[in-house]
Amino acid sequence: MGEHRPGVTRVYNTVTTHVPLFSDGGGNAGSSDYAKAKNSLHADGKKIFAGNDPLRGDSYTVPAGRRYYKLAVDVSPVSAQTPVSTRVTAVWTFASAQSPGVIPPSGPVTVVRFTPTLPTGSTAKAGTTLTVPFSLQGAAPKADSLRKPAFAVSYDNGRTWHRTTAVQGKQQLKLRSPATPGPVSLRATLTDAKANTLTQTIHSAYRTTK
């Protein structure tokens, strides 16, 4: 998570955030034109910043002492450009204190990457079961222990959510969609060994069709 890679870094009392939330199928960081966006950083509940742009490498001065931070990003791409991932949100909480500044240390943030095998249009047949592999990227995979991630799926644009569990070595979900075609949204929550947390939601991650 260096200068040109997504993530959160801190040098002395400067925190740099680069969490664009979008990537291609190969895992390369990307961006998207957006219809609306919000982002914010709080330290022990006190606002460091809040804005209406996605985070693309912005830097902010933070208190020197140890604080508990909440970083939140909410981006909705232009609907005409993409029928899926119509809104992506992520909220991280983590503790941080002044760093020595010799090497920019990576912040204790993690994302969940879902990688189902789908055609270019990101669709699956309604009423069938789709295998959705996932992996963790960031700080959590390096931690000594990780509390079991929790997952949920929605078939009505996020109005209601249903818990689902990982199977087959705990590295994939098996989701059976309703017979009625529509969007499928995914949510993941996790806590790492140091009590840093993530809540990540992808609205209309893919769609089901007849």
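Okay, so let's go over this structure. Fair warning: this is a prediction, and the values are worked out from it, not measured in the lab. (Residues numbered from 1 in each chain as written. Predicted model: local features only at pLDDT ≥ 70, side-chain atom pairs only at ≥ 80, totals over all residues. Heavy atoms only, no water.)

Right, let's get into the packing of aromatic side chains. By convention here, two paired aromatic rings are described through the distance between centres and the angle between planes. According to the stated counting rule, one finds four aromatic pairs in the structure shown. When the centroid spacing of 5.7 Å and the interplanar angle of 20° are considered together, the rings of Tyr69 and Phe94 count as stacked. Of this pair, Tyr69 sits in strand 8 (residues 67-77) while Phe94 is found in strand 9 (residues 87-96), placing the two residues 25 residues apart along the sequence. Phe94 gets classed as buried once you look at its relative accessible area, which sits at 6%. When the ring of Phe134 is compared with that of Phe151, the centres are 4.6 Å apart and the planes differ by 50°; the resulting orientation is tilted. You can see Phe134 sitting in strand 12 (residues 129-138) and its partner Phe151 sitting in strand 13 (residues 150-154), a full 17 residues away along the chain. No difference in accessibility class separates Phe134 from Phe151, as the two residues are buried. Following the ring pairs from residue to residue traces out a cluster consisting of Phe114, Phe134 and Phe151. Here the guanidinium or amino end of Arg187 rests over the ring plane of Trp161, the centre of that ring lying 4.1 Å away. (Phe/Tyr/Trp six-rings, centres within 6.5 Å; stacked < 30°, edge-to-face > 60°. Helix = DSSP H or I, 4+ residues; strand = E, 2+ residues; numbered from the N terminus. Buried < 20%, exposed > 50% of the residue type's maximum accessible area, 1.4 Å probe, protein only. Lys NZ or Arg CZ within 6 Å of the ring centre and 35° of its normal.)

Under the counting rule described, the total for this entry stands at two salt bridges. Notably, a salt bridge pairs Arg67 with Asp44, separated by 3.9 Å at the nearest N-O pair. Taken together, the positions of Arg67 in strand 8 and Asp44 in the loop between strand 5 (34-43) and strand 6 (46-51) put the pair 23 residues apart, joining distant regions of the chain. Notably, a salt bridge pairs Arg87 with Asp74, separated by 2.6 Å at the nearest N-O pair. Here Asp74 lies in strand 8 and Arg87 lies in strand 9, a separation of 13 residues in the sequence. In this structure Asp74 comes out as buried when scored by relative accessible area, which is 14%. (Salt bridge = Lys/Arg side-chain N within 4 Å of Asp/Glu carboxyl O.)

Attention shifts here to the sheet that holds strand 15 (residues 172-176). Here three strands make up an open sheet; going across it, the order is 10-12-15 and the pairing antiparallel. Taken across any chain shown, the strands that pair with only one partner, and hence form the sheet edges, are strand 10 (110-114) and strand 15. Going from strand to strand, the sheet's axes swing by 30° on average, the running direction of each strand aside. Sheet topology note: the strand 12/strand 15 ladder contains five bridges and is antiparallel. By the bridge assignment for strand 15, Pro133 is matched with Gln172. (Pairing = 2+ DSSP bridges. Axes fitted to C-alpha atoms, helices over the stretch in contact; angles between N-to-C directions.)

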